[in-house]
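Residues per chain, in single letters:
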Amino acid sequence: MLNTYAQGHITKLIRNGNYFQFIVDDKPYLIFGGELGNSSASSSEYMRPIWPKLKAMNLNTVIAPVYWELMEPIEGKFDFSLVDSLLKNACLNKMKLVLLWFGTWKNSMSCYAPAWIKTDEKRFPRSEDVNGIKQEIMTPFDRNILESDKRAFVKLMKHIKQTDNKQNTVITVQVENEIGMLPSARTHDEAANKVFEQAVPLQLINYLIKHKGALEPGVRSLWEKNGFKTAGSWEDIFGKGLFTDEIFMAWYYAKYANEIAAAGKAVYDLPMYVNAALNRPGWKPGLYPSGGPIPHVMDIWKAGAPVLDMMAPDIYFPDFEHWANLYDRHELEDREVANPLFIPEIRFEKGDDAKAFFAFGNYNCLSFSPFSIQSTDHPQTEPIGKTYSILQQISNLITTYQPRRQVAGFLLSKDSSTTTDTMANYRVTVKHDYTLGWSAAAKKDTWPLSGCIVIQVAPDEFYVAGTGVVITFQSVVPGKRAGFLRIDEGKFENKKWIAGRRMNGDQDHQGRHVRIPADDYGIQRVKLYQY
Ligand code: DGJ
């Protein structure tokens, strides 16, 4: 059934220096992806016209759900036809897959639990809010739901192993989706209330002690306020309040996801992660999904779910850098606490093209993926597709030079129109294209985001790739100045550089800068000298 595209070994997540890297088909791999809208993959027919769209946008990976209710409509009877259709079409289109296990929870709720679970409340008890009102949310304190989810997930992983262990189309799996408790900070069902009175497990206490100096400030300050106690109930250790309720939920959600992931990995050891609905700044737990793998309780998740390879943000709020900074913990050497930036979802909007350049250049970013990617009506001209076309060409440069710290990423807006970094013997200054004032659009109140990646491949040689940027290089050697020997526009074909135009004269402002205009997407190879 499947073609022989890209045979290799099972995908691994390794560390190269402090950098995390996916090794897919035996090579480092970055996900230039898109996530399908929730219901798209529930019909292969509906998906038919979508595949060419994804191809037109140069995705190398599709992030797609697997729905428990459709995969196990009757208890113990499994239907993998939708998964098989994803595998087949991804293969035909030379794309990889990230599968999302819509199991016990999807955006807090248990809407993807099969009917035989939803309708058997006795066997599968629900979470309750602070007033004891039952929610359509399975409680993590019940073994029956956990065992049923685990059984189904293991079946899924076995199926992937059987059908995909030669093609390696599936490269990672998300366990559940946006776990978190609503509308109260914790569930108040009977089983949960009992556990809440019990001692905080030693596994968590030991983690807190071991990482005391590096804990996220929220958890640390609650623990500190209560005297850094090392034994006692949740309220003894963290005090009474909504954040303690959230820490409690985070721990038991993490344990739950860990158990599911461990069982899945035992049959087919793919990297696995969980994604987070981010906490709206200033809101209280329970108003946002409480206890998910969000930044201020990430330590609790790291402690409770060591089997998970990554915690990932779904970025729908503004201030991309703020959220990306919180999830990129690759510099922490200790694997127990470190985390690469993996973005399974980002709002599909203007500016994603620039953010993607910045993400892969500035962070240890393994995935960028606008949500509801199929929704575009103009895939051929979609800006993210233009960015992906370029990123695919330079992907191996990024993964080669990033662990050597020779890659930088830049993101520019009207409010933050200049940014700079030092690379080898050069101070690299990147400005928004509109700072030149050459375009009529520069007079507008808002400017489109622009961004680029700069890769240093030799002491005086760089590739720059991006959109809407003007780049200057200054020597950091005292008494020296920098000049351009040559700037070539070009492209990579099978990793080989094919030079196009020589970018001199007006194109480099007579030797003053490198420029990729706004609305343009390109790669330029820059050779400098010092005098
Ligand atoms: C985040 C969820 O993870 C997605 O499945 C989807 O519901 C989006 N939100 C909708 O914005």
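Starting from 1, residues in each chain are numbered consecutively following that chain's sequence as written. Side-chain atom pairs in this predicted model are given and counted only at pLDDT of 80 or more, local residue features only at pLDDT of at least 70, and totals for whole chains, interfaces and linings cover all residues. In computing side-chain properties, one takes all heavy atoms of the structure into account and sets aside hydrogens as well as water.

### Remarks on the site of the ligand
Proximity is defined per residue: if any heavy atom of the residue lies within 4 Å of a molecule or strand, that residue is considered near it. All residues in the neighbourhood of the ligand are listed as Asn 38, Lys 106, Asn 107, Asn 177, Glu 178, Asn 275, Asp 314, Tyr 316, Glu 345 and Phe 371. Throughout this description, a polar contact denotes any pair of N or O atoms lying within 3.5 Å of each other; where both atoms belong to protein, one of them has to be capable of donating a hydrogen while the other can accept it, and for residues adjacent in sequence the pair is counted only when both atoms sit in side chains. In this structure, Lys 106 approaches the ligand through a side-chain N or O atom, which is 3.0 Å from an oxygen atom. Asn 177 is positioned with one of its side-chain polar atoms (N or O) 2.9 Å from an oxygen atom of the ligand. Each residue gets one of three labels, nonpolar for Ala, Val, Leu, Ile, Met, Phe, Trp, Tyr, Cys and Pro, charged for Asp, Glu, Lys and Arg, and polar for the others, Gly among them. Taken together, the residues of the shell around the ligand sort by class into two nonpolar, four polar and four charged.

### Examining the sheet that holds strand E1 (residues 12-16)
Overall, antiparallel pairing links the three strands, which are arranged E1-E2-E3 in an open sheet. Since the sheet does not close on itself, it has two edges, and those belong to E1 and strand E3 (27-29), each with one partner. Geometrically, the sheet is characterised by an average inter-axis angle of 55° between neighbouring strands, direction not taken into account. DSSP bridges decide pairing: two strands pair if at least two such bridges lie between them. The way it works is that DSSP assigns letters per residue, a run of H or I at least four long becomes a helix, a run of E at least two long becomes a strand, and they are numbered from the N terminus. One ladder, built from five bridges, connects E1 with strand E2 (residues 19-24); its direction is antiparallel. Residue pairing across strands places Arg 15 opposite Phe 20, the latter belonging to E2. Axes here mean lines fitted to C-alpha atoms, for a helix over just the part in contact, with angles spanning 0 to 180 degrees between N-to-C directions.

### Considering a nonpolar patch on the surface
Exposure above 30% relative accessible area and the lack of any salt bridge qualify a residue for a patch; like charges then connect within 9 Å, and the nonpolar side chains Val, Leu, Ile, Met, Phe, Trp and Tyr within 5 Å. Only the protein chains shown count as cover for residues, with accessible areas throughout obtained via the Shrake-Rupley method and a probe of 1.4 Å. Criterion for a salt bridge: a side-chain nitrogen of Lys or Arg within 4 Å of a carboxyl oxygen of Asp or Glu. The grouping of Leu 485, Tyr 529 and Tyr 531 at the surface amounts to a nonpolar patch, some 310 Å² of accessible area in total. Mapped onto the fold, Tyr 531 is located in the segment after strand E24 (522-530). Overall, the relative accessible area of 46% leaves Tyr 531 in the partly exposed class. With a 1.4 Å probe rolled over the protein chains alone, any residue whose accessible area is under 20% of its type maximum counts as buried; one over 50% counts as exposed, and the rest are partly exposed.

### Observations regarding the pattern of salt bridges
Taken as a whole and judged by the stated rule, the model has 25 salt bridges. The partner of Lys 265 in a salt bridge is Asp 309, with the nearest N and O atoms 2.6 Å apart. With a gap of 44 residues between them, Lys 265 in helix H11 (residues 242-267) and Asp 309 in the loop between helix H12 (298-304) and strand E11 (310-315) connect regions that are remote in the sequence. Grouping residues by exposure puts Lys 265 and Asp 309 together as buried. As a salt-bridge pair, Asp 433 and Arg 515 come within 2.6 Å of each other at their nearest N and O atoms. Placement of Asp 433 in the loop between strand E17 (426-432) and strand E18 (450-458) and of Arg 515 in strand E23 (residues 514-516) is noted, with a sequence separation of 82 residues between them. Owing to a relative accessible area of 4%, Asp 433 belongs among the buried residues under this scheme. A network of salt bridges, in which partner residues are shared, links Arg 143, Glu 147, Lys 150 and Glu 259.

### Quick notes on the environment of Gly 351
Mapped onto the fold, Gly 351 is located in the loop between strand E13 (345-346) and helix H14 (352-362). Each C-alpha atom of the pair Gly 351 and Gly 451 lies 9.0 Å from the other, and the pair is 100 residues apart in sequence.

### Here's the deal with the sheet that holds E23
Judged by pairing direction, the sheet is antiparallel, and its four strands sit side by side in the order E16-E17-E20-E23 without closing on themselves. Either end of the sheet is taken by a strand with one partner, and the two such strands are strand E16 (418-423) and E23. Averaged over all neighbouring strand pairs, the angle between strand axes comes to 20°, with direction disregarded. Relative to E17, E16 runs antiparallel, the two being bridged by six bridges. Opposite Thr 422, over in E17, you have Arg 427 as the bridge partner.

### Description of unusual backbone geometry
Omega for the peptide link from Leu 182 to Pro 183 comes to -5°, which places this bond in the cis form. Checked against the element boundaries, Pro 183 lands in the loop between strand E9 (170-177) and helix H7 (190-197). Although it is not a glycine, Ser 108 sits at a positive phi angle of roughly 75°. Locating Ser 108 in the fold gives a position in the loop between strand E6 (96-106) and helix H5 (115-118). The phi dihedral of Asp 519 falls on the positive side, at around 70°, and the residue is not glycine. Along the polypeptide, Asp 519 turns up in the loop between E23 and E24.

### Overview of the side chain of Gln 456
Here Gln 456 lies in strand E18. At 3.2 Å, the side chain of Gln 456 forms a polar contact with the backbone oxygen of Ala 458. Between two residues, a contact is recorded if the distance between any of their heavy atoms is within 4.5 Å. Beyond its immediate sequence surroundings of up to four residues, Gln 456 is in contact with Tyr 401, Gln 406, Met 423, Ala 424, Glu 461 and Phe 462.

### Considering the packing of H7 against H11
Contact geometry of H7 with H11 gives a least axis separation of 12 Å together with a crossing angle of 105°. Classified by the interaxial angle, the pair formed by H7 and H11 is roughly perpendicular. Only Thr 244, Asp 245, Phe 248 and Tyr 252 of H11 make contact with H7, whose side of the interface consists of Ala 192, Val 195 and Phe 196. Taken together, the residues of the contact of H7 with H11 break down into five nonpolar, one polar and one charged. Throughout this description, any angle smaller than 35 degrees is read as roughly parallel, any larger than 145 degrees as roughly antiparallel, any in the 65 to 115 degree range as roughly perpendicular, and the remainder as oblique.

### With respect to the environment of Ile 209
Mapped onto the fold, Ile 209 is located in helix H8 (residues 202-210). Owing to a relative accessible area of 43%, Ile 209 belongs among the partly exposed residues under this scheme. Apart from residues lying up to four places away in sequence, Ile 209 is in contact with Trp 223 and Thr 230.

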